[in-house]
Amino acid sequence: MERIRSKNWYETADGSKRGYIEPARLKELWFHTGTACNLSCDFCLEGSGPGDQRLGLVKLADVEPFIHEALELGVEQFSFTGGEPFLAKDLVKILQFASAHKPCLVLTNGTEALQKRIDQLDVLRDSPNPVSFRVSLDSPVEAEHDAGRGEGNFRSALEGIRMLQSRGFQVSIARHMQPDEDKDSVENAYRELFRVQGIHHDVAFVAFPDFLPPGSNGSGPDISTNCMTQYHTEESRASFMCAFSKMVVKQDGQMRVYACTLVDDDREYDMGGFIREALDARISMKHHRCFSCFKYGSSCSEI
């Protein structure tokens, strides 16, 4: 039975029918490990910081049932985000369990929390499926990265990348996207930085616009049903994250399934306590971050 949601879920401000996505399948299941982080960045889309408890730190027992359910549904990959996932004490145990079944991806800032536990990752090198990491490096310019994350964290993130690569783990880079940027020029600047720093520079990049902190209203226009059919095809709509992925969070002590990784600050996107029921729910394009997917094709996924 469909949940009771606000009028805004179904209609735009001018009364048009709201754009939506129909989930097609489960390719990727995300776990939010908790909003606690060792850094405090004013641009953070999760509002994370030291001791933050908006979303709770997960344990192995929390995620096991969802891993089993996802496997029954044909999931292809498990991915983990935060906060900083390495603040979750059970993270390595969780990765051991999940990578026994499917490939895993972990998002990290690559700094102190990761580096303190780097030796614990050795057990993952023999996993049946690979565990890879995406390190946040906002800019190839040290001063620009540290302006948002704090002095010294650019060099610390580079060291984290070196540590992961030296152990044989695949590393990709999360970076900031600037309006009207020259994508090739920006990514070439990163690769030159990595060459100078002795880091393998044949890496994938995932670029993100400014998603704004939790609870922000954003400034993008409303997305109507007409917009979704006029500017997007059935094929392109299937590439929206909410069409093929879901995210599990620990909220008020309960494990909940959200529509995607970008909307956990709005409880209307709580799709229930089971992945199956979340896959049956039509997803409204009412969140301001939905416009980034609509305009840029923004996606946290690498599959």
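It should be noted that the structure appears before, not after, this text.
To start, this report covers the structure provided alongside it.

Rules of the game
Residues numbered from 1 in each chain as written. Predicted model: local features only at pLDDT ≥ 70, side-chain atom pairs only at ≥ 80, totals over all residues. Heavy atoms only, no water. Helix = DSSP H or I, 4+ residues; strand = E, 2+ residues; numbered from the N terminus. Rg over C-alpha atoms; globule rule 2.2 N^0.38 Å. Buried < 20%, exposed > 50% of the residue type's maximum accessible area, 1.4 Å probe, protein only. Contact = heavy atoms within 4.5 Å. Areas by Shrake-Rupley, 256 points an atom, 1.4 Å probe, with all protein chains shown as cover. Lys, Arg positive; Asp, Glu negative; His and termini not counted. Charge placed at Lys NZ, Arg CZ, Asp CG, Glu CD. Expected span 1.5 Å × (residues − 1). Axes fitted to C-alpha atoms, helices over the stretch in contact; angles between N-to-C directions. Parallel < 35°, antiparallel > 145°, perpendicular 65-115°, else oblique. Nonpolar A, V, L, I, M, F, W, Y, C, P; charged D, E, K, R; others polar. Disulfide = S-S within 2.5 Å.

**A closer look at the overall build of the protein**
In terms of regular secondary structure, the protein is built from 12 helices and 10 strands. Taken against the 2.2 N^0.38 rule, which gives 19 Å for 303 residues, the C-alpha radius of gyration of the protein at 19 Å falls within 12% of a compact globule. Along the first, second and third principal axes, the C-alpha atoms of the protein reach 55 × 45 × 35 Å. Per-residue burial for the protein yields a buried fraction of 54% across its 303 residues. A fraction of 72% describes how many contacts in the protein between residues 6 or more apart in sequence connect residues 24 or more apart. Total accessible area computed for the protein in this model is approximately 14,100 Å², and 48% of it derives from carbon and sulfur atoms. Charged side chains in the protein number 34 positive and 45 negative. The centres of these two groups are separated by 3 Å.

**A word on helix α6 (residues 153-166)**
With 14 residues, α6 extends 20 Å from end C-alpha to end C-alpha; this agrees with the ideal 20 Å at 1.5 Å per step. Buried within α6 we find N153, F154, S156, A157, L158, G160, I161, M163, L164 and Q165. Looking at the packing, one finds that the buried side of α6 touches α4 (112-116), β5 (131-136), α5 (142-149), β6 (171-176) and α7 (183-197). G168 lies just past α6 and shows a positive phi near 90 degrees.

**Section: the packing of α6 against α7**
With their axes 12 Å apart at the nearest point, α6 and α7 run at an angle of 70 degrees to one another. Classed by the angle they form, the pair α6 and α7 counts as roughly perpendicular. For the pair formed by α6 and α7, the contact residues are F154, L158, I161 and R162 on the first element and L193, F194 and Q197 on the second. A class-by-class count of the residues in the contact of α6 with α7 yields five nonpolar, one polar and one charged.

**Details of the state of the cysteines**
Disulfide: a covalent bond formed between the sulfur atoms of two cysteine residues. Inspection of every chain in the model, using the stated rule, returns zero disulfides. For C104, which is in no disulfide, the shortest distance to another cysteine sulfur is to C300 and amounts to 17 Å. Cysteine C293 remains unbridged, with the sulfur of C260 as its closest cysteine sulfur at 6.0 Å.

**Quick look at the side chain of E268**
When you line up the elements, E268 lands in the loop between β9 (254-258) and α11 (275-279). Overall, the relative accessible area of 17% leaves E268 in the buried class. The contacts of E268, once residues within four sequence positions are left out, are R5, S6, W9 and K286.

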